[in-house]
Amino acid sequence: MKKFLSKIMFAAVAILSVAGFTSCNNSDDDPYVPAQASVQEQPKYEEVSAYAAVISENLLSMYDIKLVLHSGDQSKEVELTKANGEAKEYNDNNAKTTYYKYLYSNIDGKKGIDRVEAMVTPKADIKTILKSMPEERQVMIYGAGVFKAVYDANGKLMGEVGKKLGEIGGIYTPSQMLMDMGEGTLVYDYQAETIEVYLTR
């Protein structure tokens, strides 16, 4: 009888030992935790308050357009020209023209644009410019907006700019731009004021 009990006790101890070793193996019970390196490799994005504008080529030929950018206590004046814009083609069933896109998201390294003041002045020889243009309808596009621009970890802009800038299009012939609206205000003067309002944000 004692031998029988000893065998049972020996078997019980052996079973408990195996169970004990199994419960110490944490490869099956612990949840998977990714390595720290994989977390660091995930791309990071940054949102920055930015200002974007679009101006058609013919307007750049008629007007001098300057912006005063503001970021906190910093300010900077920039001029919109063909050289510092990105050329794009506008084309629909009725008309086509070239326009330029501009984007500003920092002032000398300080990120974010709070507000923008625009100054639009007819060129000194605008009458000569208009008279030298072919007498056909000119599609004039302008617009601007402040929005959240998203940049990746390398500083590259994500997505397309200029889809929702409140663009406005006017269609005039050069002779219409030279018409007097009354009290000495010509159409091109009125257009300068209108563009200035739309570019100010």
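A quick note: this is a predicted structure, and the numbers were derived from the prediction, not measured.

**Q** Can you explain the sheet that holds strand β8 (residues 115-122)? Please cite residues and give values.
**A** Strand order across the open sheet formed by three strands is β3-β2-β8, with antiparallel pairing between neighbours. Each having just a single partner strand, β3 (74-80) and β8 make up the two edges of the open sheet. The average undirected angle you get between the axes of adjacent strands in this sheet is 20°. Strand direction decides the pairing type here: strand β2 (residues 63-71) and β8, joined by eight bridges, are antiparallel. Bridged to His70 within β8 is Arg115.

**Q** Quick one: what's the story with the packing of aromatic side chains, residue by residue and with numbers?
**A** Counted under the stated rule, the structure contains one aromatic pair. Centroid distance Tyr142 to Tyr198: 5.8 Å. Interplanar angle 70°. Geometry classified as edge-to-face. One end of the pair, Tyr142, is in strand β9 (residues 138-151); the other, Tyr198, is in helix α6 (residues 187-199), with 56 residues separating them in the sequence.

**Q** Outline unusual backbone geometry, supporting the account with residue identities and numerical values.
**A** The backbone phi angle of Asp108 is positive, close to 50°, even though this residue is not glycine. Structurally, the position occupied by Asp108 is in the loop between β6 (106-107) and β7 (110-111). For Asp108, a relative accessible area of 60% puts it in the exposed group. The residue Glu183 is not glycine, and still its phi comes out positive at about 60°. Within the secondary structure, Glu183 sits in the loop between α5 (174-177) and α6.

**Q** Hey, could you go over the pattern of salt bridges for me, with residue numbers and the actual values?
**A** Scanning all chains against the criterion turns up six salt bridges. For Lys123, the salt bridge identified is with Asp64, shortest N-O distance 2.6 Å. Linking Lys123 in the loop between β8 and α4 (126-132) with Asp64 in strand β2, this pair joins segments that are 59 residues apart in sequence. The exposure class assigned to Asp64 is partly exposed, which follows from its relative accessible area of 28%. Across the pair Lys76 and Asp108 runs a salt bridge whose closest N-O atoms are separated by 3.2 Å. Placement of the pair is Lys76 in strand β3 and Asp108 in the loop between β6 and β7, with a sequence separation of 32 residues. Under the relative-accessibility criterion, Lys76 is labelled partly exposed at 35%.

Calculation notes
Residues numbered from 1 in each chain as written. Predicted model: local features only at pLDDT ≥ 70, side-chain atom pairs only at ≥ 80, totals over all residues. Heavy atoms only, no water. Pairing = 2+ DSSP bridges. Helix = DSSP H or I, 4+ residues; strand = E, 2+ residues; numbered from the N terminus. Axes fitted to C-alpha atoms, helices over the stretch in contact; angles between N-to-C directions. Phe/Tyr/Trp six-rings, centres within 6.5 Å; stacked < 30°, edge-to-face > 60°. Buried < 20%, exposed > 50% of the residue type's maximum accessible area, 1.4 Å probe, protein only. Salt bridge = Lys/Arg side-chain N within 4 Å of Asp/Glu carboxyl O.

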